[in-house]
Amino acid sequence: MATISFTVNGNPVTVEAEGRTLLVEALRQQLGLTGTHVGCDTSQCGCCVVHVDGASVKACTVLAVQVEGCSVTTIEGLAQGDELHPVQAAFREHHGLQCGFCTPGMIMSAVDLLQHNASPSETEIREWLEGNICRCTGYHNIVKAIDAAAKSMAGQKIAAE
Amino acid sequence: MSRVHQSLAHDSAVQHVTGRARYTDDLPEPKGLLHAAVGLSQCAAGRIMALDLGPVRNSPGVVAVVTAADIPGVNDIGPVFHDEPVLATDRVDYWGQALFAVAATTVEAARRAARLAQVTYAPEPPLLTVDQALAAASFVLPPHTMQKGDVEAALATAPHRLACELRMGGQDHFYLEGQIALVLPQDDGGFLVYSSTQHPSEIQHKVAEVLGLPSAAVTVEVRRMGGGFGGKETQGNLIAVLAALLARQTGRPVKLRLDRDTDMELTGKRHDFKSRFEVGFDDEGRILALDAELAARCGLSADLSAAICDRAMFHTDNAYYLPAARIHAHRCKTHTVSNTAFRGFGGPQGMLGAEFYIDEIARQLGKDPLDVRLSNLYGPGRDTTPYHMQVEDNVLPELMLELEATCRYRQRRQAITAFNAQSPIIKRGLALTPVKFGISFTVTHLNQAGALLHIYQDGSLHLNHGGTEMGQGLFVKVQQIVADVFDVPPAWVHLSPTNTGKVPNTSPTAASSGTDLNGMAAQNAALTLKDRLAAFVAERHQASPEEVRFEQGEVVVRGNRLAFAEVARRAYLARIQLSATGFYKTPKIHYDRDQARGRPFYYFACGAACSEVAVNTATGEHRTTRVDILHDAGRSLNPAIDQGQIEGGFVQGMGWLTSEELWWNEAGRLMTHAPSTYKIPTARDVPHTFHVSLWERGENHEDTIHRSKAVGEPPLMLAISVFLALRDALASLRPHSRPKLDAPATPERILWAAKALREGR
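Residues numbered from 1 in each chain as written. Chains lettered and ligands numbered in written order. Predicted model: local features only at pLDDT ≥ 70, side-chain atom pairs only at ≥ 80, totals over all residues.

**Some words on the overall build of chain A**
What counts, and what does not: We count a stretch as a helix when DSSP gives it H or I for four or more residues in a row; a strand needs E for two or more, and each element gets its number in order from the N terminus. When we talk radius of gyration, it's over C-alpha atoms, and the globule rule is simply 2.2 Å times the number of residues to the 0.38. As a rule, residues whose C-beta atom has 12 or fewer other C-beta atoms within 10 Å are exposed, those with 20 or more are buried, and those in between are partly exposed; C-beta atoms are placed from the backbone. Residues are defined as contacting one another if the C-beta atoms placed from their backbone atoms lie within 7 Å.
A tally of helices and strands in chain A yields five helices and five strands. Overall, chain A shows an N-to-C arrangement of helices and strands of β-β-α-β-β-β-α-α-α-α. Against the compact-globule benchmark of 15 Å for 161 residues, chain A has a radius of gyration of 16 Å, which places it among compact chains. The burial tally for chain A puts 56% of its 161 residues in the buried class. Expressed as a percentage of contacts within chain A between residues at least 6 apart in sequence, the contacts between residues at least 24 apart total 61%.

See the structure below:
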């Protein structure tokens, strides 16, 4: 057993875990953060995407011990209180979800995309989402939501400047 | 104001985007919870000579192991016919069949232990394919025939005649949330089951039967599923039953969540079919007679195959009038997992066959397939189906012409012909195909639903109905329907998890019928309460109930405006019952299966799609470059939700027909049991240009809920246009050719077809 200390959504946490414990297991089972989902168990579907030190990773691929000292953000940490993150708001507004199971991973991937590329083209959005499977929507409204979020975030930035 | 026909967001959208939405695996885990895993057969067919579970029992963390011998009730999970064991007894009939289940203190301990059984089999040569089953006369159920007119005579006198054959693969549901159940023993000997299921009542019945309990001792609850697509209509039975057996054995709560690979090996899929057609037609390509023989791979048991194969037969006409027809279907028994419901429920396989034989006719005559399609549509005097139902609300002739014009089919056809003439490798293809999908369960008694509605003293409402939410937007639609009755904001109507203790004897949420049935039942409950409130208010104000109006959260009578909450409170004080049930059964439908005659469908849901593809005939790679869809959702209850169903259904259909290939090895083991080898469409695989429109003139001629039409399954079949566009592109390689292309049209199959055409075969 290892003792692992890191921050999750800004809060310092310490968990006891075996060396082989996956980050997703630590988040879901030990920390009760069940918004990060397990869809395929093998890091292909993207339901488990979280951010480690700001970069998107599949929490089914990362060991818990690897995040020692890191800052982890999950879907639960994206909104500011009741105020949704612009990407969350856009997924709701543009119907970018149906069953909702892929949604947390999709949103965490999309947020990372917009950190890299504030105004992605449709092609760039679609390429970025290659590692996230959605079985319900056909992706149309997901792409639309990310595009709308990019525009709304650009607008906020201009307003702030 | 109207609360329906509005594009409200999904009722759980905020929970979804914040990660707060709870699926079964996200429920707070009860104290003492055990985790379960399933031991799978490693042999497709044969007797079990020895099953040594000692190593399983001795594995660290293991608390209990159950086999068939530990079943107190009936060892059966068959939904209709009793031919599918929970756990194997003396033999196995598919690779991956459940032999035993184990409960341990952690997920990992259970899964490790499940692999440790020592099993000795006396293997037999497995029957894996439709052809093998047909040759061995191995069937789960007898064949069935629909017949209209004298087919032999009409075929014999037809000016033209052709025979053709098409094979189409199955499909894994790949609901993102895999199969799961959590079972809690209760203090009275009963069980509370949380199950990711489209059919809570069947889970209830199966758990009770296997445990030897009355149904009333088992309560099943589901708030939402992470996708279902038919894969959770019967396939949740095994999961819930195994968890319940272990919970009974240990007296502790047990959770069973299949990992993805196990889920794909252990649970059923869409049926693959082999379909043969003999068709007679005139110079215009109008069909005079069809003789169709379908064969479906059902797997080891009947499951829902009777109704699925019937639905394939019901859709072997798709939108086309067949003056004489014989449709015959075999239900093949094989040593593979029992195939099951999947969005369309046999309809897609029937309909793909229809579009294929129409395409064959067009290519034999050298005509544009669209012209042959249009000339064969149902119309006045040509309106009786092969099962003797009259097609009344026939919207397709108008809808297809509208789409033909708006997508500029004729101009694009010319441009594609010109392009292909000067492009030796890249070939383009175009196809515009209709969908006419029968709405109602063809098993008539399932067309019923119940609802339960309470009004509390503060005016808030609590709604429950028998339908389940799997992402399709059923809950928000029914919420809108109830809100509309009282003209209150939909947010006042609290949605509650589907629970067998609240509404009993429910039908599965399937057959696209969820809103039609449960929406009506909920509306009936709401109207009962509205009548009670109106009578009460009228009496207090010396008015007649007809004078009482419900407007924007208020109740208006004789110039007085009362808050809805105030009316609820006063009604309570006056001892008015503020709780009501509602019930609905679909009218008009009847079907005599022995005669294959009747009106199995209340109405048809229709649409059309035009797809354009580009094919690299040197590599087999292809892209869908543009899709235009015009779909009739009637007077849509929620246009945004319906549009989402169309987009998602279409892409799922594209997956079925172009990339999702299930492959078993010679020993009968499914080798494509993860998304690494089973290709689900991703965001880049979908149409580059994708125009989806709801048909503005759409209105259900039947008295459905607010004149809407069901929209869950039909759009999947719009993707048949992609398959036929691929065939169209291939056909350009050789004039008057009839390309040999089976589904799914993977790059390999396209390459083989291109090669055959180039070699003149």
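**Overview of the overall build of chain B**
The number of helices and strands found in chain B is 19 helices and 29 strands. Taking 27 Å as the expected radius of gyration for a compact globule of 761 residues, we find that chain B reaches 27 Å, a close match to that expectation. The principal-axis extents of the C-alpha atoms in chain B amount to approximately 85 × 75 × 50 Å. By sequence separation, contacts in chain B at least 24 residues apart represent 80% of the contacts at least 6 residues apart.

**Concerning the domain arrangement of chain B**
All names here are of chain B. This is how it is decided: Segmentation into domains, and thus their bounds, comes from an automatic or database assignment.
Looking at the assigned domains, one finds that chain B contains domain 1 (33-124 + 178-259), domain 2 (273-442 + 593-758) and domain 3 (448-585). The distance between the C-alpha centroids of domain 1 and domain 2 comes to 37 Å. In this assembly, 18 residues from domain 1 lie in contact with 20 residues from domain 2.

**A word on the interface of chain A and chain B**
The accessible area lost on association of the parts is a frequent measure of interface size. Quick reminder of the rule: When residues are grouped by polarity, Ala, Val, Leu, Ile, Met, Phe, Trp, Tyr, Cys and Pro land in nonpolar, Asp, Glu, Lys and Arg in charged, and all others, Gly among them, in polar.
The partner chain B presents 41 residues to the 40 residues of chain A that form the contact. Partitioning the side of chain A that touches chain B into residue classes produces 18 nonpolar, 15 polar and seven charged.

**Quick notes on the sheet that holds strand S23 (residues 560-563) of chain B**
Residue and element names in this part refer to chain B. Test applied: For two strands to be treated as a pair, DSSP must find at least two bridges joining them. Convention adopted: a line fitted to C-alpha atoms gives each axis, helices being fitted over their contacting stretch, and angles between N-to-C directions are expressed from 0 to 180 degrees.
Spatially, S21-S22-S23 is the arrangement adopted by the three strands of the open sheet, whose pairing is antiparallel. At either margin of the open sheet sits one strand with a lone partner, and together these are strand S21 (549-551) and S23. Here the strands of the sheet are splayed against their neighbours by 30° on average, with no regard to which way each runs. Packed on one face of the sheet, helix H16 (residues 564-573) meets strand S22 (554-557) and S23 and runs near 80° to S23.

**Observations regarding the domain arrangement of chain A**
All names here are of chain A. Along its sequence, chain A is organised into domain 1 (2-77) and domain 2 (86-160). Using C-alpha coordinates to define each centre, domain 1 is positioned 22 Å away from domain 2. Between domain 1 and domain 2, the contact holds 15 residues from the first and 12 residues from the second. Counting only elements with at least two residues in the side of domain 1 that touches domain 2, the list comes to strand S3 (49-52) and strand S4 (55-58). Ranked by the residues each element gives to the side of domain 1 that touches domain 2, the list is headed by S3, at three residues.

**Focus: the packing of helix H10 (residues 347-365) of chain B against helix H18 (residues 720-731) of chain B**
If you want to describe how two helices pack, look at the angle between their axes and the distance between the axes. All names here are of chain B. Under the convention used in this document: When describing relative orientation, an angle under 35 degrees is termed roughly parallel and one over 145 degrees roughly antiparallel, while 65 to 115 degrees is termed roughly perpendicular and anything else oblique. A crossing counts as left-handed when the near helix is turned anticlockwise from the far one by less than a right angle, and as right-handed when that turn is clockwise.
Where H10 meets H18, the closest approach of the two axes is 10 Å, and the angle between their N-to-C directions is 25°. Here H18 runs roughly parallel to H10, going by the angle between their axes. For the element pair H10 and H18, the recorded crossing hand is right-handed. Counting all contacts with H10, which are made through Met 351, Leu 352, Glu 355, Asp 359 and Arg 363, the residues of H18 involved are Ile 720, Phe 723, Leu 724, Arg 727 and Ala 731. Taken together, the residues that form the contact of H10 with H18 break down as six nonpolar, no polar and four charged.

**Considerations on unusual backbone geometry**
What you tend to see is this: most non-glycine residues have negative phi, and most peptide bonds are trans. Residue and element names in this part refer to chain B. Cis geometry marks the peptide bond from Ala 743 to Pro 744; its omega dihedral reads 0°. Take Pro 744: it is sitting in the loop between H18 and helix H19 (747-758). Look at Asn 318: it is not a glycine, yet its phi comes out positive at around 40°. Structurally, Asn 318 is set in the loop between helix H9 (305-314) and strand S15 (325-333). What makes Asn 318 buried here is the crowd of 26 C-beta atoms within 10 Å. Its identity as a non-glycine residue notwithstanding, Arg 558 has a phi of 45°, on the positive side.

**Regarding the sheet that holds strand S4 (residues 91-92) of chain B**
All names here are of chain B. Spatially, three strands are ordered S4-S2-S6 in an open sheet, and the strand pairing comes out antiparallel. In the strand order of this sheet, the two ends are held by S4 and strand S6 (118-123), each with one partner. Pairing of strand S2 (residues 46-52) with S6, which is carried by six bridges, proceeds in the antiparallel orientation. Directly across from Gly 46, in S6, lies its bridge partner Pro 123.

**As for the confidence of the model for chain B**
The line we're drawing: Confidence of the predictor at the level of single residues is captured by pLDDT, which takes values from 0 to 100.
Predicted confidence across chain B gives a mean pLDDT of 98, with 100% of residues reaching 70 or more. Scoring of the predicted complex yields 0.98 for pTM and 0.98 for ipTM.

**Section: H16 of chain B**
Residues and elements named next belong to chain B. As a reminder of what qualifies: Each C-beta atom gives one direction from the helix axis, and the arc is the one those directions make.
All of the buried residues along H16 are Phe 564, Val 567, Ala 568 and Ala 571. Down the axis of H16, the buried set is contained in an arc of 100°. They therefore lie on one face. Two residues or fewer past H16, Arg 575 is found with a positive phi of approximately 60°.

**Section: the nonpolar core**
Note the threshold: To define a nonpolar core, we join buried Ala, Val, Leu, Ile, Met, Phe, Trp, Tyr and Cys residues through C-beta atoms within 7 Å and take the resulting set.
Grouped together as the largest cluster of nonpolar side chains are 303 residues, with contacts concentrated most on Ala 36, Val 102, Ala 243 and Leu 246 of chain B. If we skip the residues at most four places from it in the chain, Ala 243 of chain B touches Ala 36, Ala 181, Leu 182, Val 183, Val 254, Lys 255 and Leu 256 of chain B.

**Some remarks on helix H6 (residues 200-211) of chain B**
Residue and element names in this part refer to chain B. Stated formally: A helix's residues, less one, multiplied by 1.5 Å, set its expected span.
When the terminal C-alpha atoms of H6 are compared, their 16 Å separation across 12 residues agrees well with the 16 Å that a helix rising 1.5 Å per residue should span. Of the residues making up H6, those classed as buried are Pro 200, Glu 202, Ile 203, Gln 204, Lys 206, Val 207, Ala 208, Glu 209, Val 210 and Leu 211. Considering only its buried residues, H6 is in contact with strand S10 (191-195), strand S11 (218-222), helix H7 (236-250) and strand S20 (498-499). Two residues or fewer after H6 comes Gly 212, characterised by a positive phi angle close to 70°.

**Regarding the environment of Asp 685 of chain B**
Inspection of the secondary structure assignment puts Asp 685 of chain B in the loop between helix H17 (639-659) and strand S29 (689-694). Expressed as a C-alpha distance, the spacing of Asp 685 of chain B and Gly 655 of chain B, which sit 30 residues apart in the sequence, is 9.0 Å.

**Describing the environment of Ile 146 of chain A**
Residue and element names in this part refer to chain A. Here Ile 146 is to be found in helix H5 (residues 140-160). Residues Ile 146 and Pro 86, spaced 60 residues apart in sequence, show a C-alpha to C-alpha distance of 9.2 Å. Once residues lying within four places of it in the same chain are set aside, the contact partners of Ile 146 are Val 87, Ala 110 and Ile 125.

**Description of the packing of helix H2 (residues 86-93) of chain A against helix H3 (residues 103-116) of chain A**
Residues and elements named next belong to chain A. Between H2 and H3, the shortest axis-to-axis distance is 9 Å and the interhelical angle comes to 130°. Judged on the interaxial angle alone, H3 and H2 are oblique. Once H2 is placed against H3, the crossing between them reads as right-handed. Contact residues: H2 offers Val 87, Gln 88 and Phe 91, while H3 offers Thr 103, Ile 107, Ala 110, Val 111 and Leu 114.

**Comments concerning the pairing of S11 of chain B**
All names here are of chain B. Put simply, the test is: The crossover handedness rule: strands pointing away from the viewer, path from first strand over the helix to second strand clockwise, crossover right-handed.
With five of five residues buried, S11 is to be regarded as a mostly interior element. Here S11 shows a buried face lined by Val 218, Val 220 and Val 222 and a second buried face lined by Thr 219 and Glu 221. Where S10 and S11 come together, four bridges link them in parallel fashion. Looking at the pairing, Val 193 lines up with Val 220 of S11. The parallel pair S10 and S11, bridged by H6, forms a crossover whose chirality is right-handed. Pairing of S11 with S20, which is carried by two bridges, proceeds in the antiparallel orientation. From the neighbouring strand, Val 222 faces S20, where its bridge partner is Thr 498.

**Focus on the pairing of strand S28 (residues 622-631) of chain B**
Residues and elements named next belong to chain B. Most of S28 sits out of view: seven of its 10 residues are buried. Bridge count for strand S27 (residues 603-616) against S28 is nine bridges, and the pairing is antiparallel. By the bridge assignment, Cys 610 is partnered in S28 with Asp 628. Linking two consecutive strands that pair antiparallel, namely S27 and S28, is a turn of five residues; a positive phi of about 85° is found at Gly 620 within it. Strand direction decides the pairing type here: S28 and S29, joined by six bridges, are parallel. Its bridge partner lying in S29, Ile 629 is registered against Val 692. Where the polypeptide runs from S28 across H17 and back to S29, its parallel neighbour, the crossover connection is right-handed.

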